[in-house]
Amino acid sequence: MHDFYLIKKTETQDEEFFQYFWRDKEQFKDLIVEYIGLEDNLVEYIFDSLTWIPCRNPSLPGMPQDIGFNNIGVTLFEEHSAPCLISIFTAWCDLLKNGPEEILKMIYYHDYSEDELLRFDRDYAIAKFEKMSSISKQLSEGNYYIYHMGI
């Protein structure tokens, strides 16, 4: 599961806050505005497009600017990430609306069995991606962060 938290910006948030938010999030419930969980099969399906998003890496000293989603760690999205997030999740919603009710993706790097297909419900994915687009619009206001915790 990939966890996304829309959190309020405060003047006291520092590098240590973002480095350990994943561990201490229960202490900061008052800062969490929205939560979205995306299953790994959804993230894997759209992963290439998530590598285009400007972000910061709270796991590294100084939280350097980066590009791309940290699949197995944490990622911090700021106001400048919002246009890319909105565009990508809106585009996926529009694209999936043209697909079948059950989306399947075969894994091509070896012989596959029925169990190795990525599967998900189209309408469920669209609802999740619409919510991601919605919180990204809030991010664009400059009063929030989106904090992602990968698998």
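Residues numbered from 1 in each chain as written. Predicted model: local features only at pLDDT ≥ 70, side-chain atom pairs only at ≥ 80, totals over all residues. Heavy atoms only, no water.

### So, the packing of helix H2 (residues 40-50) against helix H3 (residues 82-96)
Between H2 and H3, whose axes approach to 11 Å, the crossing angle comes to 135°. With respect to their mutual orientation, H2 and H3 come out oblique. Helix-helix and strand crossings are classified by hand; for H2 and H3 the assignment is right-handed. Counted together, Tyr45, Ile46, Ser49 and Leu50 of H2 and Ile88, Phe89, Trp92 and Leu96 of H3 form the full contact between these two elements. Classifying every residue of the contact of H2 with H3 gives seven nonpolar, one polar and no charged. (Axes fitted to C-alpha atoms, helices over the stretch in contact; angles between N-to-C directions. Helix = DSSP H or I, 4+ residues; strand = E, 2+ residues; numbered from the N terminus. Parallel < 35°, antiparallel > 145°, perpendicular 65-115°, else oblique. Left-handed = near helix turned anticlockwise from the far one by under 90°. Contact = heavy atoms within 4.5 Å. Nonpolar A, V, L, I, M, F, W, Y, C, P; charged D, E, K, R; others polar.)

### Examining the side chain of Asn57
Tracing the chain through its elements places Asn57 in the loop between strand E3 (54-56) and strand E4 (65-67). Residue class for Asn57 comes out buried when judged on its relative accessible area of 10%. Within the structure, the side chain of Asn57 is placed 2.9 Å from the backbone nitrogen of Ser59, a separation counted as a polar contact. (Buried < 20%, exposed > 50% of the residue type's maximum accessible area, 1.4 Å probe, protein only. Polar contact = N/O pair within 3.5 Å; in protein donor to acceptor, adjacent residues only side chain to side chain.)

### Details of the environment of Thr51
By the secondary structure assignment, Thr51 is in the loop between H2 and E3. Accessibility expressed as a relative area gives 30% for Thr51, which makes it partly exposed. Setting aside chain neighbours within four positions, we find Thr51 in contact with Ile67, Gly68 and Phe69.

### What to know about the pairing of strand E1 (residues 2-8)
Regular strands place their side chains on alternate faces of the sheet. Within E1, six of the seven residues are buried, leaving the element largely enclosed by the surrounding structure. Of the strand pairs in this sheet, E1 and strand E2 (residues 32-38) are connected by six bridges, and their pairing is antiparallel. Considered in E2, the bridge of Asp3 is made with Gly37. Summarising the sheet, E1 and strand E8 (residues 144-149) pair through six bridges and their orientation is antiparallel. If you follow Phe4 over to E8, its bridge partner there is His148. (Pairing = 2+ DSSP bridges.)

### Overview of helix H1 (residues 15-24)
Every α-helical turn comprises 3.6 residues, leaving residues that sit three or four positions apart pointing alike. Those residues of H1 that fall on the buried side of the exposure criterion are Phe17, Phe18, Phe21 and Asp24. Each buried residue of H1 sits inside an arc of 135° when the element is viewed along its axis, so together they form one side. For H1, the elements touching its buried residues are E1, E2, strand E5 (74-77) and E8. (Arc of directions from axis to C-beta.)

### Some points on H2
Residues of H2 that are buried include every one of Leu42, Val43, Ile46, Ser49 and Leu50, and no others. All buried residues of H2 lie within an arc of 100° about the axis, which places them on one face of the element. The inward-facing, buried residues of H2 abut E1, E2, H3, strand E7 (118-121) and helix H4 (122-139).

### Here's the deal with the environment of Leu31
With respect to the secondary-structure elements, Leu31 resides in the loop between H1 and E2. With near-sequence residues (within four places) excluded, Leu31 lies in contact with Leu6, Ile7, Lys8, Thr10, Gln13 and Phe17.

### Considerations on the side chain of Arg56
With respect to the helices and strands, Arg56 occurs in strand E3. Among the polar contacts listed, one links the side chain of Arg56 to the backbone oxygen of Gly62, at a separation of 3.4 Å. Once you skip the residues sitting within four places of it in the chain, Arg56 turns out to touch Gly62, Met63, Pro64, Gln65, Asp66, Thr75, Leu76 and Glu78.

### Concerning the pattern of salt bridges
Counted under the stated rule, the structure contains seven salt bridges. With a shortest N-O distance of 3.8 Å, Glu34 and Lys131 are connected by a salt bridge. Of this pair, Glu34 sits in strand E2 while Lys131 is found in helix H4, placing the two residues 97 residues apart along the sequence. Overall, Lys131 belongs to the partly exposed group, its relative accessible area being 34%. Here Asp123 makes a salt bridge to Arg122, at a shortest N to O gap of 3.0 Å. Given the relative accessible area of 45%, Asp123 is considered partly exposed. (Salt bridge = Lys/Arg side-chain N within 4 Å of Asp/Glu carboxyl O.)

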